[in-house]
Amino acid sequence: MRRHRWRRRVLIGIGSVLVLLAWYVMAMAAFGARQVVLPALTGKYQVGRTSFEWVDTGRTDPLDPHHGPRRLSVWLWYPAPADAQGPHPAYAPGLWSKLAFGAPAGWFETDFGKIRVRSIEGAAVADGRFPVVVLEPGLGFAAPQYSALAESIASHGYVVAGLTPTYSANLTVLGGQAVRSTREGNPPDAGQHSGEGQRTGDRLATEWATDARFVADQVLALGQTGQFGGKLEPKVAYVGHSFGGASSLEACRVDARCAGAVDLDGTQFGKVVDAGLAKPFMILGAEDSCTTGACGPKATDQGGEQAVASKLLKASTGPHWQVVVSGAHHLNFTDYDLYFIGPPLRSLISLGSINPRQAVAIQNDYVTAFLDHSTRNTPATTITALHTKYPAATLR
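Cut-offs used in this document
- Residues numbered from 1 in each chain as written.
- Predicted model: local features only at pLDDT ≥ 70, side-chain atom pairs only at ≥ 80, totals over all residues.
- Heavy atoms only, no water.
- Core = buried A, V, L, I, M, F, W, Y, C linked by side-chain atoms within 4.5 Å.
- Buried < 20%, exposed > 50% of the residue type's maximum accessible area, 1.4 Å probe, protein only.
- Helix = DSSP H or I, 4+ residues; strand = E, 2+ residues; numbered from the N terminus.
- Contact = heavy atoms within 4.5 Å.
- Pairing = 2+ DSSP bridges.
- Axes fitted to C-alpha atoms, helices over the stretch in contact; angles between N-to-C directions.
- Polar contact = N/O pair within 3.5 Å; in protein donor to acceptor, adjacent residues only side chain to side chain.

Undergrad: Would you mind going over the nonpolar core with me for this structure?
TA: Burial of nonpolar side chains together is a common tendency in soluble globular proteins. Val160, Tyr366 and Leu371 are the most contacted members of the largest nonpolar core, which has 61 residues in total. A per-element tally of this core places helix H8 (residues 356–376) first, with 8 residues. Not counting chain neighbours up to four residues away, the residues in contact with Tyr366 comprise Met282, Leu284, Val323, Ile383, Leu386, His387, Tyr390 and Ala393. Grouped together as the second largest cluster of nonpolar side chains are 42 residues, Ile120, Val125, Phe130 and Ala212 included.

Structural data, given as structure tokens:
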């Protein structure tokens, strides 16, 4: 009799847990189905969006298993007239939607079909002449996952070319086909500052920097004819997150047109570390990293980040700014800050305690102020004055 009672209690307990689990999954799905609208534009322009696939025919892709020419998907965000109207494109159209987490992790994330962007599909280009910004993602990431930053920069009068590094991104789309990462393009030891990891990172940063310069060439060529004809300034800035930040610094080092570079929480690789940078640059770091050369309050420098950043800063002759954002972790510099990501998934990815919209605002304003200074010669005080607006950002 007692044994039957015990079994009944166990079955009731298991049933209760399953009911609670089912309720929790449904609740997370309901949150994930809510619409998310990217932050309002803060510049004077509306933003248009289009995309290209470009092939570097003069370069054999070292990351391609078939050794073909280097092919890249590039999304372009650009200033549109203030009164521009038209349909908003999908945040991640078609196969790009596979950038979202798959099941079961995807049950705890905003449905990408529910994310509304601010840009307008194929809008006219605004009157004026605009500098070019090449935007590089972190290792494994793709250009669409930085849409909030790209739209913000473009609204301030920049043509932003977001490239997705083929075979390094978890997903890119080329010729209507999904292309996944390879071991050569996304090596497991990338990001390490010792042994083969250091050599791998240096090689990959060089390849990505070559990608960025190629994309800058292609964008500037658009300024010769068509809707962009006569509307592009021959000034280029490079902005990147994580490994894209490292390659942005390296691209700026080797590109004479470069007006400046921004590294968003990326530990540095490439020859720029030893050679330094003679152009203006900025490093925005998380509170748990040492990418600015000074470890944040929650950082444990186990990978040599601080020593590498310090070497870069010491070797550089160009003006530079280092900003540490309290409460921000590595992925607060991506659109992940704006999605709904429920527990326990949120605890497994690098998002800090900072209010998501504030984190995005800090990043966007610092990047824009730096770009205005480096490409348009606005006073450097427009950068330093932001600390008053954002006490969470410590300028070093």
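Structure shown, so let's carry the discussion forward.
Undergrad: Where do I start with the sheet that holds strand S10 (residues 232–241) in this structure?
TA: Strand pairing in a sheet takes place through backbone hydrogen bonds and is either antiparallel or parallel in direction. The 10 strands are arranged S5-S2-S3-S7-S6-S10-S11-S12-S13-S14 in an open sheet whose pairing can be described as mixed. Strands at the two margins of the open sheet, each flanked by one partner only, are strand S5 (120–121) and strand S14 (393–395). Sheet analysis places strand S2 (residues 46–60) next to strand S3 (residues 69–80), joined by 12 bridges and oriented antiparallel. Directly across from Val47, in S3, lies its bridge partner Pro79. Where helix H3 (residues 195–222) meets the sheet, it contacts S2, S3, strand S6 (130–136), strand S7 (159–164) and S10, and its direction lies at approximately 120 degrees from that of S2. Each of S6, S10, strand S11 (258–264) and strand S12 (281–286) touches helix H4 (residues 243–254); the most contacted strand, S11, lies at about 160 degrees to it.

Undergrad: Explain the side chain of Arg59 here, please?
TA: Along the polypeptide, Arg59 turns up in strand S2. Polar contacts involving the side chain of Arg59 include one to the side chain of Glu207, which spans 2.9 Å. Those residues in contact with Arg59, other than ones at most four positions away along the chain, are Gly68, Pro69, Arg70, Glu207, Thr210 and Asp211.

By themselves these figures say nothing about function.
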